[in-house]
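Spelled out, the chains give:
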Amino acid sequence: MNEWETRIKQYDLLHKQSLEILVYLTTPIVFPHENIHLDSLLTEVVARELFGHDIDRWQNQDKHVPIPLPLEKSKGKYPIWKASVAFCSSKAREHQDFWVKRTNDEFSGYSSQKIVWPAGVIGDTVAKQLAYEVHLEKPTGPANNPASGGFKSYFEPRNLLATEYLIFHAKGNKTEIHRLLSKIKGIGKKTAIGFGKVKKVVVTEIEKDYSLFTPDQKPARVLPVEDFPKVKARMIASRVTAPYWSKRNMVVCYAPVSPLPKWQWDVYSQHKPTFEEIWFEENVDEDWFDE
């Protein structure tokens, strides 16, 4: 029995309960174009534990296999993991940033029109350039082109969301979910330059299950229409399991109201720091106690 089969059996035997998961962030998150599914985050971690040695597995979808997760699955024609998408704090604030890159163009060439070549350049006599526009290099030779290619300069807007935490709900094993999520250092795009940095993960057992529906009975994740015919919500074409970016095996699904909706209800596990925690998180100088 290989490690993949062993993990499937282990997860099947785990006790699963209704959970609320808070992922605290220290930096704003880049506002996503699509929903962030909890099961896709868990799939990423488990897949790297099982197949981290297989370099091209993430891009080669023909190598994809069903990844076991410590979650409960729904029943129906299209079984889905009981795990919601990410919701943000009701106090979250949106703002816009700009992504700027200016290539050093000191030695770059330039374009010119209606050139008249002196005698001896392209012929024995003075000649007019037939082309409408010509790109000329400086004496230094070819240089990085700031207009296109890998050294292209850009000035792009980027929508950011400042939120204290992201909130998920799931029906799964508390201990294993916490272990897996604790390995994630960032969520969303541009994590390599500091956005969406994860501070800590808090997993709390709760009484009600909000993994599929919010308290007002709206979709908390993508739900296949055939298995949930009585739902009234916006419809999209989507996969029902990770990878959600793939265009294979898409079905008509009900979806949450936005890519990152706000959680308008009570947060059971929201941690309120004590006076001591606030004090020591400020990095008080140790010499203060010696004065």
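Please refer to the structure placed before this passage.
Note that the structure is predicted; figures quoted are calculated from it, not measured. Once a new chain begins, its residue numbering starts again from 1 and follows that chain's sequence as written. Under the rules for a predicted model, residues below a pLDDT of 70 receive no local features and side-chain atom pairs below 80 are neither given nor counted, while totals for whole chains, interfaces and linings still include all residues. Side-chain metrics rest on all non-hydrogen atoms present in the structure, leaving aside hydrogens and water.

**Brief notes about empty space enclosed by the protein**
In step 1: Both site types are read off a 1 Å grid over the protein atoms alone. A 1.4 Å probe that fits but cannot get out defines a cavity, while an open set with protein on both sides within 12 Å along at least five of seven lines defines a pocket; lining residues have an atom within 4 Å of a point. Grid points are joined across faces, edges and corners, and a volume is the space filled by probe spheres set on the points. In total, this model carries one cavity of 30 Å³ or more according to the counting rule given.
In step 2: One number sums up the size of the largest cavity: a volume of about 30 Å³.
In step 3: Taken together, Val23, Leu41, Leu181, Ile184, Ile187 and Val201 form the lining of the largest cavity.
In step 4: Under the grouping applied here, Gly and all other residues not named as nonpolar or charged are polar, the nonpolar ones being Ala, Val, Leu, Ile, Met, Phe, Trp, Tyr, Cys and Pro and the charged ones Asp, Glu, Lys and Arg. For the lining of the largest cavity, the residue count by class is six nonpolar, no polar and no charged.

**Focus: helix H2 (residues 38–51)**
In step 1: The secondary structure listing takes helices from DSSP runs of H or I that are at least 4 residues long and strands from runs of E that are at least 2 residues long, numbered from the N terminus. Helix span is expected to be 1.5 Å times the residue number reduced by one. If you check H2, its first and last C-alpha atoms are 20 Å apart, about what 14 residues at 1.5 Å a residue would give, namely 20 Å.
In step 2: Each residue is placed in one exposure class: buried if its accessible area under a 1.4 Å probe, protein chains only, is under 20% of its type's maximum, exposed if it is over 50%, and partly exposed if it falls in between. Of all 14 residues in H2, ten are buried; the element is thus mostly enclosed.
In step 3: The set of residues buried in H2 consists of Leu38, Asp39, Leu41, Leu42, Thr43, Val45, Val46, Ala47, Leu50 and Phe51.
In step 4: Residues of H2 that are buried in the fold lie against helix H1 (3–13), strand E1 (17–25), strand E10 (165–172) and helix H3 (174–181). Contacts between residues were defined by any pair of non-hydrogen atoms, one from each residue, lying within 4.5 Å.

**What to know about the sheet that holds E10**
In step 1: If you trace the four strands from one edge of the open sheet to the other, you get E3-E10-E1-E11, paired in antiparallel fashion. On the outer flanks of this sheet lie strand E3 (87–88) and strand E11 (198–205), each paired with one strand and no other.
In step 2: Pairing between E3 and E10: two bridges, direction antiparallel. The residue bridging cysteine 88 from the neighbouring strand is leucine 166, located in E10. Pairing between strands is defined by DSSP: at least two bridges between them are needed.

**Observations concerning the layout of surface pockets**
In step 1: Taken as a whole, the largest pocket spans an internal volume of roughly 1500 Å³.
In step 2: What lines the largest pocket is a set of 46 residues, among which Ser40, Ala242, Pro243, Tyr244 and Trp245 lie closest to the centre.
In step 3: Within the residue set of the lining of the largest pocket, elements represented by two or more residues are H2, strand E9 (154–162) and strand E13 (235–238).
In step 4: Among the elements that take part in the lining of the largest pocket, H2 stands out by supplying seven residues, more than any other.
In step 5: For the lining of the largest pocket, the class distribution of residues is 22 nonpolar, 14 polar and ten charged.

**Description of the packing of aromatic side chains**
In step 1: Stacked, tilted and edge-to-face pairs are distinguished by plane angle, under 30 degrees for stacked and over 60 for edge-to-face with tilted covering the rest, among Phe, Tyr and Trp rings (Trp via its six-membered ring) whose centres lie within 6.5 Å. For the structure shown, the criterion picks out five aromatic pairs.
In step 2: Consider the rings of tyrosine 24 and tyrosine 165, whose centres lie 5.8 Å apart with planes at 65°: the pair is edge-to-face. Here tyrosine 165 lies in strand E10 and tyrosine 24 lies in strand E1, a separation of 141 residues in the sequence. The pair tyrosine 24 / tyrosine 165 is uniform in exposure class, with both members buried.
In step 3: Every member of this aromatic cluster is reached through a ring pair, and the members are Phe87, Tyr210, Trp263 and Trp265.
In step 4: A ring has a charge above it when a Lys NZ or an Arg CZ is no more than 6 Å from the ring centre and no more than 35 degrees off the ring normal. Its guanidinium or amino end placed over the ring of tryptophan 81, lysine 73 lies 4.7 Å from that ring's centre, counting from NZ or CZ.
In step 5: Positioned over the ring face of tyrosine 24 is lysine 200, at 5.1 Å from the centre of the ring.

**Remarks on the packing of H1 against H2**
In step 1: Every axis in this analysis is a line fitted to C-alpha atoms, fitted for helices over the stretch in contact. Angles between the N-to-C directions lie between 0 and 180 degrees. The geometry of H1 relative to H2 is characterised by a closest axis approach of 10 Å and an angle of 140° between their N-to-C directions. Here H2 runs oblique to H1, going by the angle between their axes. By crossing handedness, the relation of H1 to H2 is classed as right-handed. Residue-level inspection shows Glu3, Trp4, Arg7 and Tyr11 of H1 in contact with H2, the latter providing Val46, Glu49, Leu50 and Phe51. For classification purposes, an angle smaller than 35 degrees is called roughly parallel, one larger than 145 roughly antiparallel, one from 65 to 115 roughly perpendicular, and anything else oblique. Helix crossings fall into two classes, left-handed where the near helix is turned counterclockwise from the far one by less than a right angle and right-handed where it is turned clockwise.

**Overview of the sheet that holds strand E4 (residues 93–101)**
In step 1: Across the sheet, which stays open at both edges, the three strands sit in the order E2-E9-E4 with antiparallel pairing between neighbours. The sheet terminates laterally at strand E2 (29–30) and E4, the two strands that pair on one side only.
In step 2: Two strands pair when backbone bridges link them, and E2 and E9 are joined in this way by two bridges, in the antiparallel orientation. Counted as the bridge partner of valine 30 is leucine 160 from E9.

**Observations concerning the nonpolar core**
In step 1: Here, the term nonpolar core denotes a set of buried Ala, Val, Leu, Ile, Met, Phe, Trp, Tyr and Cys residues that are joined through side-chain atoms within 4.5 Å. Counting 36 residues, the largest nonpolar core has Ile21, Leu166, Leu181 and Ile187 as its most contacted members.
In step 2: Elements supplying a minimum of two residues to this core: E1, H2, E10, H3 and E11.
In step 3: Ranked by residue count, the leading element in this core is H2, at eight residues.
In step 4: If sequence neighbours within four positions are ignored, isoleucine 187 has contacts with Val23, Ile29, Ile36, Leu41, Leu166, Phe195, Gly196 and Val198.
In step 5: Among the nonpolar cores identified, the runner-up in size contains twelve residues, and Val231, Tyr244, Tyr254 and Ala255 belong to it.

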